[in-house]
Amino acid sequence: MQAAATTTVRAHPQTKPSSASFLRLSPPRRVSFCASPSPSLRAIAMAATSQQQQQQQEQEQLIITRPDDWHLHVREGEVLEAVLPHSARHFGRAIIMPNLKPPVTTTARAVEYREEIMRALPPGSSFVPLMTLYLTDNTSPEEIKLARKSGVVFAVKLYPAGATTNSQDGVTDVEKCLPVLEEMVRQEMPLLVHGEVTDPHVDTFDREKVFIDRILAPLVQKLPQLKIVMEHITTMDAVNFIESCEGHVAATVTPQHLLLNRNALFQGGLQPHSYCLPILKRETHRQAILSAVTSGSRRYFLGTDSAPHDKRNKERSCGCAGIYSAPVALSLYAKVFEEAGALDKLEAFTSFNGPDFYGLPRNTSKIILRKSAWKVPATYIYSSGEIVPMFTGSTLEWLPSDQPEE
């Protein structure tokens, strides 16, 4: 048995095999070995690192459809030239407010003002101004027809007389405007409303609620087919009203009314650059607006109400109302939605809900917001002075790109 075992392991071609059938040996075979095609540890690590970097990059940037600003002040002259690039850099279109001196009350003047804006745009800009008319007690239905035919006027603005900056020529009694509003229904022309009463006996912080009760709710009942945008809403009352209406009523919301409550007016002393109209309200109202906007409702869309004023006019003994937010607005809206855990709903608020309500096509280009800290300048200087932006000197986390992504 030992010899047989030796023969099995050490078989040689010249050795005669044993006659025992159970010890017959197979002929020798050549055995070869091939290396496995599996990647090396280094390649696996590099692939994992690349994937992590790609995921991190995706987490640190947002690509959204280019937004529009559905409530914007750009003024005239040298101020127009100074502030317009800030909006044109990030927004595709904007509803331009008509409260100039004198106000834009006719279609002819709206066309002229649009040409002024177009001349002030940076070279190569694709920004489109959407013009509005300033409603007065004397506006005629014929003017609404002209506005619609012009192709450049997209809405009519209702300022209660004396409610805000350059509103002294505004409406004194909505009943006087009913023929015009009825024509707006026929022309499918939206009414943009500064929703505050000017009755001196009404507390400043209650003026939006009283406006809803006295003027807006009856108007909606009387003309349910009139498209209405309640601009820069500030209260829980406005949210409840918007939600109670049919689809013809919507609202714009500013960054300041999403981020600040009325304490911001007095922190460390009187803060004139936090003063706007409608005025900031209690925290309970801010929370109600924040919840409504970040819920994904299509009734709310971006309207900065960016309102540039010279620093001297804001800081004097009787300072004017208005917050200049155009350079920081997108960064602040992203901050709001991120902190609410609702970044997936940001694009609809900034880019979809507005054009859908107005019956306009959505923008086709994109914009990138990168998670990259940047510091807001203390002021923006122009030829005759300087303008203080919202969140002046602060560091913001989201940085919009300057160029559209096609």
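Residues numbered from 1 in each chain as written. Predicted model: local features only at pLDDT ≥ 70, side-chain atom pairs only at ≥ 80, totals over all residues. Heavy atoms only, no water.

Naming follows an unreviewed UniProt entry, where the chain appears as Dihydroorotase, mitochondrial of Urochloa decumbens. UniProt annotates the chain under Catalytic activity (unreviewed entry) with the comment "(S)-dihydroorotate + H2O = N-carbamoyl-L-aspartate + H(+)". (UniProt positions renumbered as here; feature names shortened; annotations may be inferred.)

**Q** Please clarify how the overall build of the chain should be interpreted in this entry.
**A** Broken down by element type, the chain carries 13 helices and 13 strands. Classification of the 406 residues of the chain by burial places 49% in the buried group. Sequence separation of at least 24 residues holds for 72% of the intrachain contacts in the chain that already meet a minimum separation of 6. (Helix = DSSP H or I, 4+ residues; strand = E, 2+ residues; numbered from the N terminus. Buried < 20%, exposed > 50% of the residue type's maximum accessible area, 1.4 Å probe, protein only. Contact = heavy atoms within 4.5 Å.)

**Q** Is there a simple way to explain the sheet that holds strand β6 (residues 191–193) in this structure?
**A** Pairing is parallel across the open sheet formed by eight strands, whose spatial order is β2-β3-β4-β5-β6-β7-β8-β9. In this open sheet, the two strands that pair with only one neighbour each are β2 (69–72) and β9 (300–302). The mean inter-strand angle of the sheet, taken between neighbouring strand axes irrespective of direction, is 30°. Pairing of strand β5 (residues 153–158) with β6, which is carried by three bridges, proceeds in the parallel orientation. Opposite K157, over in β6, you have L192 as the bridge partner. Against the sheet, helix α4 (residues 107–120) touches β3 (93–96), β4 (128–134) and β5, its axis set at about 150° to β4. Strand contacts of helix α13 (residues 346–358): β2, β3, β5, β6, β7 (228–230), β8 (249–253) and β9, with the helix running at about 115° to β9, the strand carrying the most contacts. (Pairing = 2+ DSSP bridges. Axes fitted to C-alpha atoms, helices over the stretch in contact; angles between N-to-C directions.)

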